[in-house]
2 protein chains.
Amino acid sequence: MINKNYSKLEKNYLFTEVARRCDEFVAANPGKRVIKLGVGDVTRPLAPVTADAIIRAMEELKHAETFRGYGPEVGYAFSREAVARYYATRGITVDADEVTVGDGIGEDIANIVDLFDIHETKMLVQNPVYPLYKATSIISGFEIEYLKCSKENNFTPTPPENTENSNKGVVVFLCSPNNPTGAAFTRDQLQKWVEFANRTNAIILYDNAYERYITDNRCPHSIYEIEGARSCAIEFNSLSKTAGFTCVRMGYNVIPKELERDGIQLLTIWKQRQTTKYNGAPYMTQRGLEIALSEEGLRESDKNIEYYRRNVKLITDILDSKGIYYTGGVNSPYIWFECPNGMKSWEFFDYLLNKFNVVGTPGVGFGTEGEGYFRLTSFGSYEDTAEAAERLKKL
Amino acid sequence: MINKNYSKLEKNYLFTEVARRCDEFVAANPGKRVIKLGVGDVTRPLAPVTADAIIRAMEELKHAETFRGYGPEVGYAFSREAVARYYATRGITVDADEVTVGDGIGEDIANIVDLFDIHETKMLVQNPVYPLYKATSIISGFEIEYLKCSKENNFTPTPPENTENSNKGVVVFLCSPNNPTGAAFTRDQLQKWVEFANRTNAIILYDNAYERYITDNRCPHSIYEIEGARSCAIEFNSLSKTAGFTCVRMGYNVIPKELERDGIQLLTIWKQRQTTKYNGAPYMTQRGLEIALSEEGLRESDKNIEYYRRNVKLITDILDSKGIYYTGGVNSPYIWFECPNGMKSWEFFDYLLNKFNVVGTPGVGFGTEGEGYFRLTSFGSYEDTAEAAERLKKL
């Protein structure tokens, strides 16, 4: 009776092993200060204007006159319209009816695989990869094909050619700017994916959580900047890495009305799924989203992004000066670089920890193609990052 | 590529049709005041002590020193321990490690079917039934068998006999006190289910959302009051109908460590699921749960339950005086009664609307066995319920 796919999930000991080696080092070297630049979680607080919107909503719920019960499962009109207005600031037209607000981008991406037939759909997943896409596909029992990412394609893969004749429908997980590699697709690169999807009836699940970190004008802030994307792409977004909602929880996604497969509108069955299996995101958090995506909210949260960007530069300046190959940084809070002198990921981890007392994340933990790479993040404090950068000068 | 099971979901027009007929009546009879006692959603506000706990947590998130990032996917220790303490007040020992905190009881029940093999598991579902259990089973593609509920078994079904030789594993959805019928299992009745499950290796998914409405001492407040339940039952709970969290969102569940099937601990794979597909319930809401389940929080929210109970009595007094058969009311905010004079559910709906300008929910909307029955809820205001009761005296 038990779903056997759970036994196929890889035991990912990545962060456990990082913590173990780190603790061991600290125990053996009590005087040394270890700086951790491994975590993919924000540290800057919520913008008061956004937190206060949530607080005001909670005050409403204390009184019978302003109390609310169940809200719409797909999100209140006010929050879906706030998302549509945000898209409009990017010059993209999205109908509020195409927007669904949910508990987070992770949950939405994990759940959307429910819409596909296990036997007749193949998942295309990048390698290295954010573990969720792979794991949620494994739990459901989908066939998975990997898209090799490497220095050769600058960790921005091109559409595969052999899939075009697949007898299964294809769903592609793309994340740009990418976690863990920080690599971002340019418009031209993404255009190729959109053309591939429209040609082969594939669907692109586009994880756009880091779009606000983009500084390179060639990189799109939404897949809907690309012509033809509305008939093949679902875009997922998050307030976690922008407005600091990692513990507040809130994400949203867009499914264009044009997106149909097997004669079925994806938006319709996603709404069927959500109205059946989900009871809607919290009212107060949606009031937070409304402000977080307003001009004032964005101005405030962009200060945090600037803070992280300043950290990024401390690290990339060193990599630049040493001529070390890396992706990310420019458009991402993540810096993904080649371990010097052909070191393997864990070998470099130990070297960095022992010699410089700096902790990062071994790239191989994100997939076989991550071997020989390493990830540092800019989510630490400025002081810690500056101190780490100072140490790394002796790399 | 599309999951064809979505096309098997019944289009449930129940509440749409209720609203349509209601609007039509109002348009045709502008002077009449229609009282709505159909909705299954609370109307009393949050206890200020609980709302304030959430507000304090939001204040923390405004400052770097007290900001938090991702929390544990299964819930913070402080909230899981609050649940364990709540169980202890009922004399039930639950380890905080057996507790998972999530976005709501609906979501948890919808998602837990992920743990079972579609081909080797059969779902047992009551008829009439809260639509979720059936719908989430249909989306995944499980075989469903119905448990007939009727006046004969007082809408509290006994375990089936023919399932004992099934070559599939069996998962039973039980909800007590029940939505929509309000019927609650006694300890003796539930003992039979636990024995059935342990004998046949079935698993009981026990929806306990309405336990705080129980006044009959023979009815258990948790399935774990029943001997043997720890090896066969998962219990789901909610703060929606007690602390008024329908728009705040928060539920929790307990999976005892002893519960194993096919040599696999259910708690382990549920945690695998949650750490993979879920990023944890909001920090601030968990601070709300902590207070809502404290002595002070319960004292406050029980005032709302008393308020609804007073409404219940207004309605059951009339049914009693007229000798109309009903379940619920005593242990539930729902009253489920036989339509007088052999009327069908929708026939009675129209009669009640046209003659008394009162709106309720036709029982047949919850399943074929609900035909000839009708549901009223106690979630309206006291004034409205009293006025409706006054009108119903002429029934």
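So, a few notes on the structure that sits alongside this text.

How each quantity is defined
Residues numbered from 1 in each chain as written. Chains lettered and ligands numbered in written order. Predicted model: local features only at pLDDT ≥ 70, side-chain atom pairs only at ≥ 80, totals over all residues. Heavy atoms only, no water. Buried < 20%, exposed > 50% of the residue type's maximum accessible area, 1.4 Å probe, protein only. Helix = DSSP H or I, 4+ residues; strand = E, 2+ residues; numbered from the N terminus. Pairing = 2+ DSSP bridges. Least-squares fit on C-alpha atoms with pLDDT ≥ 70 in both. Contact = heavy atoms within 4.5 Å. Axes fitted to C-alpha atoms, helices over the stretch in contact; angles between N-to-C directions. Expected span 1.5 Å × (residues − 1).

## Here we look at the pairing of strand β12 (residues 334–338) of chain B
Residue and element names in this part refer to chain B. A large share of β12 lies buried, amounting to four of its five residues. Bridging between strand β11 (residues 326–328) and β12 involves three bridges; their strand directions are antiparallel. When the sheet's bridge partners are listed, T327 is paired in β12 with W336. In this antiparallel pair of consecutive strands, β11 and β12, the connection spans five residues, and G329 shows a positive phi of 80 degrees. In terms of strand pairing, β12 meets strand β15 (residues 373–377) through five bridges, oriented antiparallel. In the strand pairing of β15, Y334 is matched with T377.

## Quick word on the relation of the copies chain A and chain B
For the pair chain A and chain B, the superposition axis carries a translation of 0.0 Å, the fit reaches an RMSD of 0.0 Å, and the rotation angle comes to 180 degrees. Considering both components of the superposition, the chain copies are consistent with a two-fold axis. Within chain A, A:I55 has its C-alpha nearest the rotation axis, a separation of 2.8 Å. Looking at chain A, 100% of its interface residues are interface residues in chain B too, so the copies touch through the same face.

## Digging into the sheet that holds β15(B)
Residue and element names in this part refer to chain B. Strand order in the open sheet made by the four strands is β11-β12-β15-β14, with antiparallel pairing throughout. Every other strand in the sheet has two partners, leaving β11 and β14 (361–362) as the edge strands with one partner each. Docked against the sheet, helix α9 (residues 295–322) engages β11, β12 and β15, running at close to 15 degrees with respect to β12.

## Some points on unusual backbone geometry
Residue and element names in this part refer to chain A. That bond from S176 to P177 is cis: its omega, -10 degrees, falls within 30 degrees of zero. Structurally, P177 can be placed in the loop between β5 (169–175) and α6 (187–200). A positive phi is found at N201, a non-glycine position, where the angle reads about 60 degrees. Relative to the helices and strands, N201 is located in the loop between α6 and β6 (203–207).

## Focus on the pairing of strand β7 (residues 233–238) of chain B
All names here are of chain B. Of all the six residues making up β7, six are buried; the element is thus mostly covered by neighbouring parts of the structure. Along β7, one buried face is formed by A233, E235 and N237 and the opposite face, lined by I234, F236 and S238, is buried too. Sheet analysis places strand β6 (residues 203–207) next to β7, joined by four bridges and oriented parallel. Looking at the pairing, I204 lines up with A233 of β7.

## Some remarks on helix α3 (residues 77–89) of chain B
Residues and elements named next belong to chain B. Along its 13 residues, α3 runs 18 Å from first to last C-alpha, staying within 8% of the 18 Å computed at 1.5 Å per residue. All buried positions along α3 are accounted for by F78, S79, R80, A82, V83, A84, Y86 and Y87. Note on α3: the residue one or two positions beyond its end, G91, has a positive phi of about 80 degrees.

## Concerning the sheet that holds β7(B)
Residues and elements named next belong to chain B. Spatially, β2-β8-β7-β6-β5-β3-β4 is the arrangement adopted by the seven strands of the open sheet, whose pairing is mixed. Edge strands, defined here as strands with exactly one partner in the open sheet, are β2 (99–102) and β4 (143–148). Mean inter-strand twist for the sheet, computed between neighbouring axes without regard to direction, equals 20 degrees.

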